[in-house]
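These are the residues of each chain, in order.
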Amino acid sequence: MNAALKRLAPDATHVLFTGARTANSFADTPVSDEELSEIWELARWAPTAANTQPLRVLFVRPGEGRDRLVKHLDEGNRAKTQSAPAVAVLAVDTRFHEHIPALLPYKPELKEVFAANQEMRADTATFNATLQAGYFILAVRAVGLAAGPMAGFDAAAVDAEFFPEGRFRSILVVNIGHPGENPWFPRLPRLAHDDAL
């Protein structure tokens, strides 16, 4: 089997990277359940350490669910979220290790290693769920939708509202939809090669 990878076409790299923008307004066009499923179907294949996959996703629609979420967002994030036809609350599963025997079948004993070490479990969960959040945003763009990721929210209040049992801990809110009127802020600069490499 040839392991060589195919290079993405320029239009694909534009969608995922060079042309990628954070949307701040959304059109009324609905986002279907099939599109939301397609986002996860892409995002779930990206790698995590020991295949731990600690990210969990709660999709929220306009109506009661979105109203419950919006009240816990920073004031500057409320209007854009109210315009989004779908919103994802990305969360860490603090008991992700329970799935290790199925996800890492050649090393099921790692489940007990994580169970016995809360600090290692928390660090692994946070790092890998954050990695998966990046993959999730790329997946939103890959299915032709705009993403508006936001950290400006009261995480403890969101967790109490949607995850009261305490297993899941929210890390990011992502508005999802087709861009609306004036959706983009002016493009900001990026570090040059000599500043970053």
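Use the structure listed above.
1. Overview of helix α4 (residues 75-83)
- Where α4 is concerned, the buried positions are N77, K80 and T81. Down the axis of α4, the buried set is contained in an arc of 100°. They therefore lie on one face. In α4, the exposed positions that point more than 90 degrees away from the buried face belong to E75 and A79.
- On its buried side, α4 packs onto α3 (64-70), β2 (86-93), β3 (146-150) and β4 (168-177).

2. As for the packing of aromatic side chains
- In the structure shown here, the tally under the stated rule is three aromatic pairs.
- Taken together, a centroid distance of 6.2 Å and an interplanar angle of 35° make the contact between F59 and F136 tilted. Pair noted here: F59 is in strand β1 (residues 55-60) and F136 is in helix α7 (residues 118-142), with a separation of 77 residues, a long-range link.
- The exposure class of F59 is partly exposed, given its relative accessible area of 30%.
- Judged by its relative accessible area of 0%, F136 falls in the buried class.
- Here the aromatic rings of F96 and F114 are separated by 5.2 Å at their centres, their planes lie at 70°, and the arrangement is edge-to-face. Highlighted residues: F96 in the loop between β2 and α5 (100-103) and F114 in helix α6 (residues 110-116), separated in sequence by 18 residues. Taken as a pair, F96 and F114 share a single burial class, namely buried.

3. So, the environment of F26
- Positionally, F26 belongs in the loop between α1 (10-18) and α2 (33-43).
- For F26, a relative accessible area of 7% puts it in the buried group.
- Sequence-distant contacts of F26, defined by excluding residues within four places in its chain, comprise K80, S83, A84, P85, A146, G148, N175, I176, G177, H178, P179 and G180.

Reading the values: rules and limits
- Residues numbered from 1 in each chain as written.
- Predicted model: local features only at pLDDT ≥ 70, side-chain atom pairs only at ≥ 80, totals over all residues.
- Heavy atoms only, no water.
- Buried < 20%, exposed > 50% of the residue type's maximum accessible area, 1.4 Å probe, protein only.
- Helix = DSSP H or I, 4+ residues; strand = E, 2+ residues; numbered from the N terminus.
- Arc of directions from axis to C-beta.
- Contact = heavy atoms within 4.5 Å.
- Phe/Tyr/Trp six-rings, centres within 6.5 Å; stacked < 30°, edge-to-face > 60°.

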